[in-house]
Amino acid sequence: MRQNRQIRDVVFVDGIRTPFGRAGEKGIYANTRADDLVVKCIRELMRRNPSLPAERIDEVAIAATTQTGDQGLTIGRTAALLAGLPQSVPGFAIDRMCAGAMTAVTTTASGIGVGAYDVVIAGGVEHMGHHPMGAGSDPNPRFMSERIVDPAALNMGNTAENLHDRFPAITKDRTDAYAVASQNKLAAAYAKDQIQADLVPVATLKPGAGWTLNSVDEPPRPGTTMEDLAALRTPFRAHGRVSAGNAAGLNDGATAALLASSDAAAELGLPVKMRLVSYAFAGVAPEVMGIGPVPATEKALRLAGLTIEDIGLFEINEAFAVQVLSFLDHFGIADTDPRVNRYGGAIAVGHPLASSGVRLMTQLARQFEEDHSVQYGITTMCIGLGMGATVIWENPHFTASTATATTEGSAA
């Protein structure tokens, strides 16, 4: 006899990440394995949540875009074993390019919702120094011969230039100004200790230099100016608009999050930092993949019965500044709106592809704790080959009186 089950509430318990590094032989993780970065995150989640018995974890889902070498071999399972979780805890690997960790979260959250899981770990890793994006891939020649996709679709920088073509109001000066603001906001967040609490330090060995404990992100360039960015070349197009200064870099890093049903969280004494409201993925033309967050957000809002005006905080992945600005323009949000990327974004902190989705969630959860006037927030990102992903979260700390006071104060 089939049992009728209600969909259960899903909560975000905790999120953690390694400091992000610059990819390449000079980066902090040049001699560190990708799977060891994931292990660091899993162990830190368990240390931070001592009321959670390891045997209560029902699944470990870890994303990687290039699933080979030290980030291959079903990394969700191997990382769980390496982290010391019981052999009874299963795991799997997942790939949706930049939205890998976000998909690990939504996939396992769905399992929680229908009762298949109570507690899960979901995250992602990308070691772009060991595995550059697309390395070892073999795109089917039909993509080009049958014109299934525009050739620009296979180069993310070209897709960003195409987005500039589609939206000429988004000028290079405007994207550079947004990039400078991202650097400044991250520097301010570090100065206020808003980033450090969710970083797990990683010890690395550099031949000839010994061991170093890395406790801060490597990519940020505080003090960046418009003049600095104006001097950078535009490698994807002569006289183009996309540069290394207004785009995310090539980075290494890992993230992991604890999700649970609300009942399991209460039973185990786990904190509730966010509640899942809805999520959506959407496809767009691959050659303008950066516009993907727009239809994904529209769908997620529709599923939640909300409008864009209901959203009090936005964590938008900054793969390229033009991608963020096209999103803001579509929804009528100003470039400098204080609801957007309060701690800065990937242009400053880095974007290790499959890991970034959980970074967005962790930062949103931290902002929810700080700002009880906000009820709903969004984490959203574009995805290679023409997709977008959006997750809407509710703030468990929200109080209507605080929101009213904030609104009245703003009006005054």
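To be clear, the structure that these remarks concern was listed above.
All residue numbers refer to positions counted from 1 along the written sequence of the respective chain. It should be noted that, the model being predicted, local features are given only for residues of pLDDT at least 70 and side-chain atom pairs only at 80 or more, the latter also being counted only at that level, while totals for whole chains, interfaces and linings use all residues. Only heavy atoms go into the side-chain values, all of them from the structure, while hydrogens and water stay out.

**Here's the deal with a nonpolar patch on the surface**
Next, step 1: Residues enter patches when their relative accessible area tops 30% and they take part in no salt bridge; the joining distance is 9 Å for like charges and 5 Å for the nonpolar side chains Val, Leu, Ile, Met, Phe, Trp and Tyr. The Shrake-Rupley method, run with a 1.4 Å probe sphere, supplies the accessible areas, and residue values consider only the shown protein chains as cover. Should a side-chain nitrogen of Lys or Arg be within 4 Å of a carboxyl oxygen of Asp or Glu, the pair is scored as a salt bridge. A contiguous nonpolar surface patch, about 250 Å² in accessible area, is contributed by Met144, Leu154 and Leu385.
Next, step 2: The topology assignment puts Leu385 in the loop between β11 (376–383) and β12 (387–394).
Next, step 3: Among the residues examined, Leu385 registers a relative accessible area of 41% and is labelled partly exposed. Here a helix means four or more residues in a row that DSSP labels H or I, a strand means two or more in a row labelled E, and each is numbered from the N terminus. Only protein chains enter the calculation, and the probe is 1.4 Å; a residue is then buried if its accessible area is under 20% of its type maximum, exposed if over 50%, and partly exposed in between.

**Considering the pattern of salt bridges**
Next, step 1: By the definition in use, this model includes 20 salt bridges.
Next, step 2: Residue Arg56 is joined to Asp118 by a salt bridge in which the shortest nitrogen-to-oxygen separation is 3.8 Å. One end of the pair, Arg56, is in the loop between α1 (34–48) and β3 (59–63); the other, Asp118, is in the loop between α3 (100–113) and β5 (119–127), and 62 residues separate them in sequence.
Next, step 3: Looking at Arg56, the relative accessible area reads 23%, which means it is partly exposed.
Next, step 4: Of the residues examined, Asp118 reaches a relative accessible area of 25% and is grouped as partly exposed.
Next, step 5: Ionic pairing is found between Arg56 and Glu267, a salt bridge with its closest N-O pair at 3.0 Å. Of this pair, Arg56 sits in the loop between α1 and β3 while Glu267 sits in helix α8 (residues 262–268), and the two are 211 residues apart along the sequence.
Next, step 6: Through salt bridges with shared partners, a single ionic network connects Asp14, Arg48, Asp198, Lys273, Arg366 and Glu369.

**A closer look at the side chain of Thr103**
Next, step 1: Relative to the helices and strands, Thr103 resides in helix α3.
Next, step 2: For Thr103, a relative accessible area of 4% puts it in the buried group.
Next, step 3: In what follows, a contact means two residues having at least one pair of non-hydrogen atoms within 4.5 Å. The residues touching Thr103, leaving out its near neighbours within four places in the chain, are Ile94, Arg96 and Phe281.

**What to know about the packing of aromatic side chains**
Next, step 1: Any Phe, Tyr or Trp ring, taking Trp's six-membered ring, that has another such ring centre within 6.5 Å forms a pair; planes under 30 degrees apart are called stacked, those over 60 apart edge-to-face, and the others tilted. This model, assessed by the stated rule, comprises 4 aromatic pairs.
Next, step 2: Ring centres of Phe327 and Phe331 lie 4.9 Å apart, and the angle between their planes is 55 degrees; on these two criteria the pair is classed as tilted.
Next, step 3: Its relative accessible area of 1% is what places Phe327 among the buried residues.
Next, step 4: Take Phe331: its relative accessible area is 16%, and that puts it in the buried class.
Next, step 5: The rings of Phe314, Phe327 and Phe331 are connected pair by pair, giving a single aromatic cluster.
Next, step 6: Only Lys NZ and Arg CZ are tested; either one counts as a charge over a ring when it is within 6 Å of the ring centre and within 35 degrees of the ring normal. The ring of Phe20 carries the charged tip of Arg17 above its face, separated from the ring centre by 4.5 Å.

**Remarks on helix α2 (residues 75–82)**
Next, step 1: Within α2 the residues assigned to the buried category are Ile75, Gly76, Thr78, Ala79 and Ala80.
Next, step 2: On its buried side, α2 packs onto α1, β3, β4 (91–94) and β5.

**A closer look at the environment of Ala321**
Next, step 1: Its place among the elements puts Ala321 in helix α10 (residues 321–330).
Next, step 2: Taking the C-alpha atoms as reference, Ala321 lies 17 Å from Pro222; in sequence the two are 99 residues apart.
Next, step 3: The contact partners of Ala321, leaving out residues within four places of it in the chain, are Thr175, Tyr178, Asn246 and Ile347.

**Details of the state of the cysteines**
Next, step 1: A pair of cysteine sulfur atoms is labelled a disulfide when the two atoms are within 2.5 Å. Summed over all chains, the structure comprises 0 disulfides.
Next, step 2: Free of any disulfide, Cys98 has its nearest cysteine sulfur in Cys382, 6.2 Å distant.

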